[in-house]
Amino acid sequence: QVQLVESGGGLVQAGGSLRLSCATSGRTFRAYGLAWFRQAPGNEREFVAAISWNGGSSTGYTDSVKGRFTISRDNAKNTLYLQMNSLKPEDTAVYYCAATSFNYATNQGMYHYWGQGTQVTVSS
């Protein structure tokens, strides 16, 4: 069982930055592929970024955040991060971290564990 707790959300002006964190429980943190998803009001939850297990040698992003967001993991701290720069109003959403027993995945159906979400609001 893996428990995930997100933090770091908030209100920021367009062009600003935020860093989301996802603290996890369990001794096998490095054995999980991890990802961030988001859900805006009235929209379905969508993939944002993913990172592979162990050292996180593989990462991937949805097109709309490439070059602005960076996903990373610190296995010593059992924590996943999402650095978000050059934020836009369309990035406003609840952001969720998720864990999978697969090495790497972008399909949310492959993720077994989810956090409760953290709100990110970007004002214009």
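Here's what I pulled together on the structure shown here. (Residues numbered from 1 in each chain as written. Predicted model: local features only at pLDDT ≥ 70, side-chain atom pairs only at ≥ 80, totals over all residues. Heavy atoms only, no water.)

The next thing to look at is the pattern of salt bridges. Applying the stated criterion across every chain, the model contains 4 salt bridges. A salt bridge links glutamate 46 to arginine 38; its shortest N-O distance comes to 2.7 Å. Classification of glutamate 46 as partly exposed rests on a relative accessible area of 35%. With a shortest N-O distance of 3.0 Å, aspartate 63 and lysine 66 are connected by a salt bridge. (Salt bridge = Lys/Arg side-chain N within 4 Å of Asp/Glu carboxyl O. Buried < 20%, exposed > 50% of the residue type's maximum accessible area, 1.4 Å probe, protein only.)

With that settled, consider the state of the cysteines. Across all of its chains, the model carries 1 disulfide by this definition. Residue pairing for cysteine 22: its cysteine sulfur links by disulfide to cysteine 97, the two sulfurs lying 2.0 Å apart. Measuring handedness by torsion sign, the sulfur bridge of cysteine 22 and cysteine 97 sits at about 55° and is right-handed. With cysteine 22 in strand S3 (residues 18-24) and cysteine 97 in strand S9 (residues 93-100), this residue pair connects regions lying 75 residues apart in the sequence. (Disulfide = S-S within 2.5 Å. Helix = DSSP H or I, 4+ residues; strand = E, 2+ residues; numbered from the N terminus.)

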